[in-house]
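# Structure at a glance
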Amino acid sequence: MLDVLVLGRDGRAHALTWKLFNSSQIQRVFCTPGNGGTVQIAPRVFDLDPTNATAIGRWVFTEQIDIIIPADSTPLYSGLTDELVSLSGGVFGPPRAAAALDQSACLAKDFLLRHNLPTPRGRPFNRLDIAEKYLASLAMPVLLRSDTPFTDERTYHDRYEALTGLRELFDASTAAGGRGVVVEEYMTGVRVAFSGFCDGQTVLSLLPARVYDHIKGSNGETFAPAMGAHTGISVYYQRLKEYLHQHVLVPVSQALAKDNLPYWGILGVDCILTQQGPSIINLRATMRDMEAQVVLPRLQDDLLPLIQATIARRLGTLPPLQWRDEATVGIALVSDGYPEYAAVGSPLMGLDALDEEVLVFHHETAGPHGLIYNSKDHRGIRPFEKMVSNFMIGAEPHATVFSITGGHALTVVAFGATLNGARGRAILNAERINLRGASTGAISGSVSYRN
């Protein structure tokens, strides 16, 4: 029986904690800093900064934690794996040099271009004057990405506005310590997140997830990451998975090996599906927010052995993954005005009125009750209980009142025999949650992905 620490605060962290909570091989699972949902099933460790590799190493050594699982790549880019490489269990994620491809849009674009991997026409720039000249040579519309961990992505149809936006992004990137800006052609098509377990030699792929990164409002669509996602079960969907595995994920893994970048953990890509084939726009060292929430519930295998095999470089010995044969749809519940602003502190009501097997993963929430870890007497650690299908596992839905701490509060996930069935059930249950000034993400309006 092992002890596991999950690092993260968003919906990915809740989804990972939920999945690990139900592992038969785990004795204790912790999550820090977590959110209102994670503390219902996993104790939070106060005063543990996910970006402080030294402090994390000291704590996991003292508490004899076996495996550390970052939900996002920030701890990896902070050198967590490099600092703790001598631990017997290890970190589920690559060293800093490889994680930099997740954190830096410029490094990722350069990597894709050098290895002739499919990516939109474009280039990274660390000089504004050269970027302006290149932008002038591209046909409209164009897409601009800042080189920061929380990439600001903007699409422009007017050249003058694009030049103004380029200067703004370049200044913002420079101020944040970034390398510059990526300028590339705008690609039309379906956006898909696709990830797999990678040990440097073998890639064991998960399911592709159609993701929605925009929210509809009075002024059209605004870029807002992780507003919705879904997975399908059709023959087309299976063929897409096989194609992305063979022509995208495996070549990326091979390119990492050519660059002598040791890699283990999650290897992911964000793609645009075009008429010419998939085009890579981002590289990831963890699952994408919203991807984790719709993919992990369909995984029937225990997650821990997969993580152990990845760290031990023996993925090639594992059988194919087993999946629940139902589609999933995830809908974000956000405050009105998001992402520009959000009214925090509003209570969340109606979480106890959801259908059976409808899941709610918390993102930016807090609650007055939860599990807190006390290292002296181990108070707050309770025996793991049998999984239940609602938003809190082993907790009483009526006993805790949550409030939102940011614009993106929750993700509601529903299963269905068809994609439209799952979508309808997700919308129906999302509407039962009462959050003052709330709205659902872009996926509630339409689903354009085949089921």
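The structure under discussion appears in the preceding block.
Residues numbered from 1 in each chain as written. Predicted model: local features only at pLDDT ≥ 70, side-chain atom pairs only at ≥ 80, totals over all residues. Heavy atoms only, no water.

Moving on, we get to the pattern of salt bridges. All chains considered together, the criterion is met by 21 salt bridges. A salt bridge links D110 to R114, with the nearest nitrogen and oxygen atoms 3.0 Å apart. Of this pair, D110 and R114 are both found in helix 6 (residues 105–114), four residues apart, which corresponds to roughly one turn of the helix. A residue is classified by how much of its surface remains accessible, and D110, at 34% relative accessible area, is partly exposed. Its salt-bridge partner being R167, residue E132 comes within 2.7 Å of it at the nearest N-O pair. One end of the pair, E132, is in helix 7 (residues 128–137); the other, R167, is in helix 8 (residues 159–175), with 35 residues separating them in the sequence. A relative accessible area of 36% means that R167 is categorised as partly exposed. Here the salt bridges do not stand alone but share partners, grouping K109, R145, E153, E184, R191, D213, D270, R284, R288 and E291 into one network. (Salt bridge = Lys/Arg side-chain N within 4 Å of Asp/Glu carboxyl O. Helix = DSSP H or I, 4+ residues; strand = E, 2+ residues; numbered from the N terminus. Buried < 20%, exposed > 50% of the residue type's maximum accessible area, 1.4 Å probe, protein only.)

What follows deals with helix 5 (residues 96–103). Most of helix 5 is tucked away: six of the eight residues are buried. For helix 5, every residue scored as buried is listed here: A98, A99, A100, L101, D102 and Q103. Tucked into the core, helix 5 has its buried residues touching helix 3 (74–77), helix 6, helix 9 (235–258) and strand 13 (277–284). (Contact = heavy atoms within 4.5 Å.)

Take empty space enclosed by the protein next. One pass over the full model with this rule turns up three cavities of 30 Å³ or more. Its boundaries defined by the atoms lining it, the largest cavity holds a volume of some 130 Å³. Lining of the largest cavity is provided by 15 residues; of these, L16, P70, F92, I266 and M287 occupy positions nearest its centre. Of all the elements in the fold, those that place two or more residues in the lining of the largest cavity are helix 1 (11–21), strand 3 (67–70) and helix 11 (303–311). Here the residues of the lining of the largest cavity are counted per class, giving 13 nonpolar, one polar and one charged. (1 Å grid on protein atoms, 1.4 Å probe; cavity = no way out; pocket = protein on both sides within 12 Å on 5 of 7 lines; lining within 4 Å. Points joined across faces, edges and corners; volume = space filled by probe spheres on them. Nonpolar A, V, L, I, M, F, W, Y, C, P; charged D, E, K, R; others polar.)

Here we come to the pairing of strand 5 (residues 142–146). Most of strand 5 sits out of view: five of its five residues are buried. Burial along strand 5 is two-sided: V142, L144 and S146 and L143 and R145, pointing in opposite directions, are all buried. Bridging between strand 5 and strand 6 (residues 153–156) involves four bridges; their strand directions are antiparallel. Across the sheet, residue R145 finds its bridge partner in strand 6, namely E153. Taken together, the five bridges between strand 5 and strand 7 (residues 181–185) define a ladder with antiparallel strand orientation. The residue of strand 7 that forms the bridge with S146 is V181. (Pairing = 2+ DSSP bridges.)

Looking now at the packing of helix 5 against helix 6. Where helix 5 meets helix 6, the closest approach of the two axes is 6 Å, and the angle between their N-to-C directions is 100°. It follows from the interaxial angle that helix 5 and helix 6 lie roughly perpendicular. In this structure, helix 5 contributes A100, L101 and Q103 to the contact, and helix 6 contributes A105, L107, A108 and F111. In the contact of helix 5 with helix 6, the residues fall into six nonpolar, one polar and no charged. (Axes fitted to C-alpha atoms, helices over the stretch in contact; angles between N-to-C directions. Parallel < 35°, antiparallel > 145°, perpendicular 65-115°, else oblique.)

Within this structure, the stated rule accounts for four aromatic pairs. Taken together, a centroid distance of 5.5 Å and an interplanar angle of 90° make the contact between F30 and W59 edge-to-face. Linking F30 in strand 2 (residues 26–33) with W59 in helix 2 (residues 53–63), this pair joins segments that are 29 residues apart in sequence. Each member of the pair, F30 together with W59, is buried. Where F92 meets F197, the ring centres are 6.1 Å apart and the plane angle is 45°; that geometry is what we call tilted. Of the two residues, F92 sits in the loop between helix 4 (80–83) and helix 5 while F197 sits in strand 8 (residues 190–198), which places them 105 residues apart along the sequence. In this structure, R96 is placed above the aromatic ring of Y77, and the distance from its NZ or CZ to the ring centre is 4.1 Å. A cation sits over an aromatic face here: R313 above W264, 4.0 Å from the ring centre. (Phe/Tyr/Trp six-rings, centres within 6.5 Å; stacked < 30°, edge-to-face > 60°. Lys NZ or Arg CZ within 6 Å of the ring centre and 35° of its normal.)

This paragraph deals with the sheet that holds strand 17 (residues 365–366). Judged by pairing direction, the sheet is antiparallel, and its three strands sit side by side in the order 15-18-17 without closing on themselves. If you trace the sheet from one side to the other, it starts and ends with strand 15 (347–348) and strand 17, each paired once. As judged from the two bridges shared by strand 17 and strand 18 (residues 402–404), these two strands associate in the antiparallel manner. Bridge pairing in strand 18 links T365 to I404.

Attention now goes to the pairing of strand 13. Two faces make up the sheet, and in a regular strand the side chains alternate between them. Most of strand 13 is tucked away: seven of the eight residues are buried. Here seven bridges tie strand 12 (residues 265–274) to strand 13, and the two strands are oriented antiparallel to one another. Paired with G268 across the bridge in strand 13 is R284. What sits between the antiparallel neighbours strand 12 and strand 13 is a turn of two residues.

Once that is clear, we can look at the side chain of E291. Turning to its location among the elements, E291 is positioned in helix 10 (residues 291–295). At 2.7 Å, the side chain of E291 and the backbone nitrogen of R288 are in polar contact. Leaving out residues up to four positions away in the same chain, E291 has contacts with A193, F194, S195, L207, A209 and R284. (Polar contact = N/O pair within 3.5 Å; in protein donor to acceptor, adjacent residues only side chain to side chain.)

Take unusual backbone geometry next. The omega torsion across T32 and P33 is 0°, close enough to zero to call that bond cis. Its place among the elements puts P33 in strand 2. Here M140 and P141 are connected by a cis peptide whose omega angle stands at 0°. By the element assignment, P141 lies in the loop between helix 7 and strand 5.

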